[in-house]
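# Commentary on secondary and tertiary structure
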Amino acid sequence: MLWPFSLAGTAPGWVVVVLGIADLVIRVLAVGIIPGNRRPTTAMAWLLGIFFVPFVGIILFLLFGNFKLSSRRREQQQQVNERVRAGISSLADVESDYPGPEWVKSAGELNRRLGSLPMVDGNSVDLIPGYPDSILEMTNAVRKAKKFVNAEFYIMSTDHITDELLTAMEEAAERGVEVRVLFDHIGTLRVQGYRKLLKRLRTGKIQWKRMLPLLPIHGQWRRPDLRNHRKIMVIDGEIAFTGSQNLIEPSYNNPRHRKAGREWVELMACLRGPIVTTLNVVFATDWLSETDESLEHQLQLPANPEPGNVTAQVVPSGPGFITENNLRLFNTLIYSAQHRISICSPYFVPDDSLLYAITTAAQRGVEVELFVSEKGDQFLVHHAQRSYYEALLEAGVRIYLYKAPFVLHAKHFTIDDEVAVLGSSNMDMRSFSLNMEVSVMLLGEDIVTKMRAVEDTYRDISHELKLTDWINRPLAARYVDNVARLTATVQ
């Protein structure tokens, strides 16, 4: 574009020349720099922005274009990973005896190489689909804590739903239990009541830190939308909770949501067995990153090592890993499916590899179903998600829309009768590249049956989207969906 030269006659000649040269330099450098180590669609989106508005585009790219942690933080993260894993001698030689098919074992080996955590046998898993039920379960577990409580959540709030849990944590700290809390700085800052939460934490004995803090005056700066999206609670190394739910009331303290009757629908898991130790490794890694305090003394296998028959494996992922661990696992399992795939994701904006894996599965005869919200809580993400429906429906994927005003925020999927995966990770490019996530792969027909029972409840209150209805939607809606799709690639 020649916009610098449109200033001719209104600005000194030398200003026009300097701006013109700068404009040209930005464009030439952008073409050679931006595509490096980025998906072509992502690079093209950035280039389009820079070519249309060069100076604004380059500023936005400098702020948001680097999806990795800073080199200092990555080096620190690598050192933390090495220190923590060197301290988990009890897990060093663990080998699973899972008798399932080879493709499941292969996925486990992939996870171990990418995330360094083993598959472990002998776990029990209880799914908790009720929002207040999971808070109550965590509260009761904290009340029984004798040694430590580790809590790590993307969003935390003190409100009428979480008050009892926070009180239980405060009381545990008062009686000498080590209580540590991590919450994402920006994620928690965005919800109503942030200052109230800080005031409460500062007046008690709970040890707490912000994750990925964005405090420039303290020298803490990074790409603003790199976030720690994990949800983990570990009590005494014996019991753990993980899944999709944040520690906040189900309308996110938002008056507009309450007025509309909009509440978040979640799925959490309560786990016992060796898997608790591996979840605590993820917490210990994040705690060490933020505080430089090692929790190696906590990372021993529980006293009752085999309370159940579920084989499980924790899969950490995020910008601290260069291998997109969650995306590789998801694709591997989907390509391995022989009979059935059921997916639940509140923000379903797949990259090309995941889209091909899902549509290919449907086209080769696998029954594939996708549960998403009828109306999302994030305008651009929801419309970007809708732009993929036609390709999915044409391939034979059945799409179920969870009825508004509820937001189906649960994040899980099942493969055949062999594998269930549950955690904090959405199936979108933000969760694959920008967010620090944690997923748990759960093996065996028993846990898949439990997860399918949850999926059945979704289907009962959803309506199925049909291809004929979808392709006849208004042109204006299609236009908005397609424009929103462009924003999904900017990472």
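Residues numbered from 1 in each chain as written. Predicted model: local features only at pLDDT ≥ 70, side-chain atom pairs only at ≥ 80, totals over all residues. Heavy atoms only, no water.

This paragraph deals with the pattern of salt bridges. Under the defined criterion, the tally for this structure stands at 22 salt bridges. A salt bridge links Arg-113 to Glu-109; its shortest N-O distance comes to 2.9 Å. With Arg-113 and Glu-109 both in helix H6 (residues 102-115), this residue pair falls four residues apart, about one helical turn. Given the relative accessible area of 67%, Arg-113 is considered exposed. On the basis of relative accessibility, which here comes to 38%, the residue Glu-109 falls in the partly exposed class. (Salt bridge = Lys/Arg side-chain N within 4 Å of Asp/Glu carboxyl O. Helix = DSSP H or I, 4+ residues; strand = E, 2+ residues; numbered from the N terminus. Buried < 20%, exposed > 50% of the residue type's maximum accessible area, 1.4 Å probe, protein only.)

So, on to the packing of aromatic side chains. Here the structure, examined in full by the defined rule, presents nine aromatic pairs. On the basis of an interplanar angle of 15 degrees and a centroid distance of 6.0 Å, the ring pair of Phe-283 and Trp-287 is categorised as stacked. Note that Phe-283 and Trp-287 are positioned in helix H12 (residues 275-291) at a spacing of four residues, about one turn of the helix. Side by side, Phe-283 and Trp-287 carry an identical accessibility label, which is buried. Note on Phe-330 and Phe-413: the rings are 5.0 Å apart at their centroids and 85 degrees apart in plane angle, and the pair reads as edge-to-face. With Phe-330 in helix H13 (residues 325-336) and Phe-413 in strand S15 (residues 412-415), the pair connects residues that are 83 residues apart, well separated along the chain. The ring of Tyr-400 has Arg-459 lying over it, and the distance from NZ or CZ to the ring centre is 5.8 Å. We note Arg-485 situated over the ring of Tyr-388; from NZ or CZ to the ring centre the distance is 3.9 Å. (Phe/Tyr/Trp six-rings, centres within 6.5 Å; stacked < 30°, edge-to-face > 60°. Lys NZ or Arg CZ within 6 Å of the ring centre and 35° of its normal.)

Here the bond from Ala-404 into Pro-405 is cis, since omega is 10 degrees, no more than 30 degrees from zero. Position of Pro-405 relative to the elements: it lies in the loop between strand S13 (398-402) and strand S14 (407-408). Unlike most non-glycine residues, Asp-236 shows phi in positive territory, near 60 degrees. Residue placement: Asp-236 occurs in the loop between strand S6 (231-235) and strand S7 (239-243). Since its relative accessible area comes to 11%, Asp-236 is described here as buried. Positive phi is not limited to glycine here, since Asn-253 has a value of about 55 degrees. The topology assignment puts Asn-253 in the loop between S7 and helix H11 (255-260).

With 13 residues, helix H7 (residues 131-143) extends 19 Å between its outermost C-alpha atoms, agreeing within 8% with the 18 Å of an ideal straight helix rising 1.5 Å per residue. Among the residues of H7, Tyr-131, Ser-134, Ile-135, Met-138, Thr-139, Ala-141 and Val-142 are the ones counted as buried. Projected onto a plane normal to the axis of H7, the buried residues spread over an arc of 165 degrees and lie on a single side. (Expected span 1.5 Å × (residues − 1). Arc of directions from axis to C-beta.)

All right, on to the UniProt feature "domain: PLD phosphodiesterase" (unreviewed entry) in the chain then. Sequence positions flagged by UniProt for "domain: PLD phosphodiesterase" (unreviewed entry) are, in local numbering, residues 224-251 and 404-431. Across residues 224-251 one finds 0% helix and 43% strand; the C-alpha atoms that close the span lie 25 Å apart. When the span residues 404-431 is considered, its composition is 11% helix and 39% strand, and the gap between its end C-alpha atoms is 24 Å. (UniProt positions renumbered as here; feature names shortened; annotations may be inferred.)

Another point: the environment of Val-282. By the secondary structure assignment, Val-282 is in helix H12. The class for Val-282 is buried, based on a relative accessible area of 4%. Residues Val-282 and Val-314 lie 32 residues apart in sequence; the distance between their C-alpha atoms is 8.6 Å. Once residues within four sequence positions are removed from consideration, Val-282 is found in contact with Leu-117, Glu-152, Arg-230, Ile-232, Val-314, Pro-316 and Val-438. (Contact = heavy atoms within 4.5 Å.)

Moving on to a nonpolar patch on the surface. A contiguous nonpolar patch, built from Ile-21, Val-25 and Leu-29 and spanning about 270 Å² of accessible area, is present on the exposed surface. Structurally, Ile-21 is set in helix H1 (residues 13-33). (Patch = residues over 30% accessible without salt bridge, like charges linked within 9 Å, V, L, I, M, F, W, Y side chains within 5 Å. Areas by Shrake-Rupley, 256 points an atom, 1.4 Å probe, with all protein chains shown as cover.)

With respect to the helices and strands, Thr-162 occurs in the loop between strand S2 (148-153) and helix H8 (163-174). Looking at Thr-162, the relative accessible area reads 1%, which means it is buried. With sequence-adjacent residues up to four places away left out, Thr-162 is seen in contact with Ser-157, Leu-247, Ile-248 and Glu-249.

Before going further, it helps to examine the nonpolar core. Leu-333, Ile-341, Ile-358, Leu-392, Ile-399 and Met-441 are the most contacted members of the largest nonpolar core, which totals 46 residues. Excluding residues within four positions of it along the chain, Leu-392 makes contact with Phe-348, Leu-355, Ile-358, Thr-359, Leu-370, Val-397 and Ile-399. The next biggest cluster of nonpolar side chains, apart from the first, holds 44 residues, and it includes Val-281, Leu-295, Tyr-402 and Val-448. (Core = buried A, V, L, I, M, F, W, Y, C linked by side-chain atoms within 4.5 Å.)

Further remarks concern the pairing of strand S17 (residues 435-443). The element S17 is largely enclosed, with a buried count of nine among its nine residues. Side chains Asn-435, Glu-437, Ser-439, Met-441 and Leu-443 project from S17 onto one buried face, and the interleaved Met-436, Val-438, Val-440 and Leu-442 project onto a second face that is buried too. The pairing of strand S10 (residues 310-317) with S17 spans seven bridges and is antiparallel. From the neighbouring strand, Gln-313 faces S17, where its bridge partner is Met-441. (Pairing = 2+ DSSP bridges.)

With 16 residues, helix H18 (residues 445-460) should reach 22 Å at 1.5 Å per residue; the first-to-last C-alpha distance of 22 Å fits that figure. When we look at burial in H18, the residues that qualify are Ile-447, Val-448, Met-451, Arg-452, Val-454, Glu-455 and Tyr-458. Buried residues of H18, viewed axially, fall in a sector of 160 degrees; they line one side. Pointing more than 90 degrees away from the buried face of H18 are the exposed residues Glu-445 and Asp-460.

Okay, the packing of H7 against H8 next. Direction vectors running N to C along H7 and H8 enclose 10 degrees, while the axes themselves pass 9 Å from each other. Of the possible angle classes, the one that applies to H7 and H8 is roughly parallel. In this structure, H7 uses Ile-135, Met-138, Thr-139, Val-142 and Arg-143 to contact H8, whose residues at the interface are Glu-164, Leu-165, Ala-168, Met-169 and Ala-172. Class assignment of the residues belonging to the contact of H7 with H8 gives a composition of seven nonpolar, one polar and two charged. (Axes fitted to C-alpha atoms, helices over the stretch in contact; angles between N-to-C directions. Parallel < 35°, antiparallel > 145°, perpendicular 65-115°, else oblique. Nonpolar A, V, L, I, M, F, W, Y, C, P; charged D, E, K, R; others polar.)

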